[in-house]
Amino acid sequence: MRPCSLSLSRLNLFYGDNGSGKTSILESVHLLAMGKSFRSHQIRKIIQHGQEQCTIFSRLNQGQQLGILKNIEGSQILKRDGQIVANMALLTYDLPVQLIDPESMALLDSGTKPRRQLLDWLVFHVEQNFFTTWQRYQRALLQRNALLKKDKVDDLEWQVWEQELATNAQSLHQMRQRVFEGWLNFVQQACAILLPQYQLTIEYIVGFDVEQNLQTLWAESREKDKQRGFTQIGAQRADVQIKTELGLAEAVLSRGQRKLLVCALKLAQVAYLNTYQKKCVVLLDDLSSELDKQARSRLLAMLHQLGAQMLITAVEADDIWPTLLALDGQAKLFHVEQGEVLLQYG
């Protein structure tokens with residue numbers, strides 16, 4: 001992708017052939033908001049061939065100026081309003097970004113972690129103490145897992161880390177529970193529009209028995225955990241389970257329906273954050289993939305109603321651009337060719 005500077009509207013469509021560089025625009029926004037690409041964990045694949053670093057800078061409507069520099073060796077510099085900051089969480093909090101792409105269905109197909117991360121992203125933006133609590137829990141979990149690999153451990157050391165785990169596990173659960181209950185109302189509304197033919201049941205799975213003393217549970221499970229090599233119960237096992245009348249959603253729904261369900265989950269988060277006066281940027285990569293014209297129109301209309309800024313990519317503009325322009329006469333159309341971005345309308 002060549003260096004470029006873009007002035008964006010609320011609705012923006014980038015179209016061009018596969019490999020033209022249009023997804024790199026969405027990737028740069030994701031990198032600025034999350035500190036990582038959604039396409040690769042290797043920094044060399046993010047930085048343009050032959051270059052040593054990449055830089056993304058943005059000025060938000062609320063006035064904040066955010067910047068990130070990544071170099072090929074893996075180090076980074078983060079800036080907020082011209083000042084270097086040490087914590088990526090500050091940029092993430094300022095710039096809530098939701099991604100909907102062909103890989104988003106991993107939320108349903110790839111175990112509990114993606115669904116837990118989805119819930120935690122929302123809790124992070126709503127609950128002020130979440131990130132600190134999550135960090136403390138992860139540190140204690142690493143310590144307990146390290147103890148499981150030792151032959152001899154003083155009982156006091158077990159107690160110290162299991163007490164720390166228990167305290168933060170309960171706090172995480174309470175924050176997740178509060179946010180989940182608020183989010184659920186919006187999920188049901190979104191599903192009623194995007195998947196009206198299904199009656200869905202959505203449940204928050206805690207990861208441990210809230211009626212039991214966690215320290216006692218961990219003390220009793222030490223030998224089994226040693227055999228497995230990791231802690232088997234706790235807040236790290238939380239999940240969001242989605243069922244239809246016929247069984248788990250990932251087993252029952254078609255590929256297109258699963259994509260609509262993922263869209264509903266993420267749109268519901270956008271709607272929920274609106275109640276906290278936080279506006280999201282929604283990245284829609286390859287929107288035409290697996291969604292018919294009617295489904296795309298419903299999705300875009302919902303996002304428009306929510307006031308979200310949209311950055312959309314597509315191979316052809318004709319399937320999407322008329323809908324965008326009808327929603328907002330100030331929408332912008334960009335053509336991307338060989339890494340060069342040209343404004344065609346707006």
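Undergrad: Any chance you could explain the packing of aromatic side chains here in plain terms?
TA: The way to describe two aromatic rings as a pair is by their centre distance and the angle between their planes. The full count for this structure, using the stated rule, is nine aromatic pairs. Here the aromatic rings of Phe131 and Trp134 are separated by 6.3 Å at their centres, their planes lie at 15°, and the arrangement is stacked. Of this pair, Phe131 and Trp134 both sit in helix H6 (residues 130-148), separated by three residues, roughly a single helical turn. A relative accessible area of 24% places Phe131 in the partly exposed class. Judged by relative accessible area, which is 30%, Trp134 ranks as partly exposed. Counting every residue linked through ring pairs, the aromatic cluster contains Tyr93, Phe124, Phe131 and Trp134. The ring of Tyr93 carries Lys278 above its face, with NZ or CZ at 3.4 Å from the centroid.

Undergrad: Just checking my understanding: could you explain the pattern of salt bridges for this structure?
TA: Evaluated as defined, the whole model comprises 13 salt bridges. Measuring nitrogen to oxygen at the nearest pair gives 3.5 Å for the salt bridge that ties Arg222 to Asp155. Placement of the pair is Arg222 in helix H9 (residues 222-228) and Asp155 in helix H7 (residues 155-194), with a sequence separation of 67 residues. One salt bridge connects Glu162 with Arg222, and the closest N-O pair in it is separated by 2.9 Å. Of this pair, Glu162 sits in helix H7 while Arg222 is found in helix H9, placing the two residues 60 residues apart along the sequence. The exposure class of Glu162 is buried, given its relative accessible area of 2%.

Undergrad: Quick question: what am I supposed to make of the pairing of strand S8 (residues 239-244) here?
TA: Two faces make up the sheet, and in a regular strand the side chains alternate between them. Where strand S7 (residues 201-205) meets S8, five bridges bridge the pair, whose relative direction is antiparallel. Of the residues in S8, the one forming a bridge with Ile202 is Ile242. Bridge count between S8 and strand S9 (residues 247-248): two bridges; the pairing is antiparallel. From the neighbouring strand, Lys243 faces S9, where its bridge partner is Leu248. Where S8 folds back on S9, the antiparallel hairpin that results is connected by two residues.

Undergrad: Honestly, the state of the cysteines in this entry has me stumped. Any pointers?
TA: Inspection of the entire model under this criterion finds zero disulfides. Cys191 provides the cysteine sulfur closest to Cys263, a residue in no disulfide bond, and the two sulfurs are 11 Å apart. The class for Cys263 is buried, based on a relative accessible area of 0%. Counting only cysteine sulfurs, Cys263 is the nearest neighbor of Cys280, a cysteine outside any disulfide, at a range of 14 Å.

Undergrad: Which parts of the structure should I look at to understand H7?
TA: Residue pairs spaced three or four apart in an α-helix point in one direction, given the helix's 3.6 residues per turn. Of all the bends found along H7, the most pronounced is centred on Trp183 and spans about 25°. The N-cap residue of H7 is Asp154: its side-chain oxygen and the backbone nitrogen of Leu156 are 2.8 Å apart.

Undergrad: Please clarify how the packing of H7 against helix H12 (residues 293-306) should be interpreted in this entry.
TA: Two quantities define a packed helix pair, namely the angle between the helix axes and the distance between the axes. The contact between H7 and H12 brings their axes to 10 Å, and the two run at 145°. Between H7 and H12 the crossing geometry is right-handed. Two secondary-structure elements touch here, H7 through Ala190, Ile193 and Leu194 and H12 through Arg298, Leu299 and Met302. Residues that form the contact of H7 with H12 fall into these classes: five nonpolar, no polar and one charged.

Undergrad: How do you make sense of a negative patch on the surface when you look at a structure like this?
TA: Residues Asp17, Glu316, Asp318, Asp319 and Glu337 make up a contiguous surface patch of negative charge. Along the chain, Asp318 falls in the loop between strand S11 (309-314) and helix H13 (321-327).

Criteria and thresholds
- Residues numbered from 1 in each chain as written.
- Predicted model: local features only at pLDDT ≥ 70, side-chain atom pairs only at ≥ 80, totals over all residues.
- Heavy atoms only, no water.
- Phe/Tyr/Trp six-rings, centres within 6.5 Å; stacked < 30°, edge-to-face > 60°.
- Helix = DSSP H or I, 4+ residues; strand = E, 2+ residues; numbered from the N terminus.
- Buried < 20%, exposed > 50% of the residue type's maximum accessible area, 1.4 Å probe, protein only.
- Lys NZ or Arg CZ within 6 Å of the ring centre and 35° of its normal.
- Salt bridge = Lys/Arg side-chain N within 4 Å of Asp/Glu carboxyl O.
- Pairing = 2+ DSSP bridges.
- Disulfide = S-S within 2.5 Å.
- Bend = angle between axes of the 7 residues up to and from the residue.
- Polar contact = N/O pair within 3.5 Å; in protein donor to acceptor, adjacent residues only side chain to side chain.
- Axes fitted to C-alpha atoms, helices over the stretch in contact; angles between N-to-C directions.
- Left-handed = near helix turned anticlockwise from the far one by under 90°.
- Contact = heavy atoms within 4.5 Å.
- Nonpolar A, V, L, I, M, F, W, Y, C, P; charged D, E, K, R; others polar.
- Patch = residues over 30% accessible without salt bridge, like charges linked within 9 Å, V, L, I, M, F, W, Y side chains within 5 Å.
- Areas by Shrake-Rupley, 256 points an atom, 1.4 Å probe, with all protein chains shown as cover.
- Lys, Arg positive; Asp, Glu negative; His and termini not counted.
- Charge placed at Lys NZ, Arg CZ, Asp CG, Glu CD.

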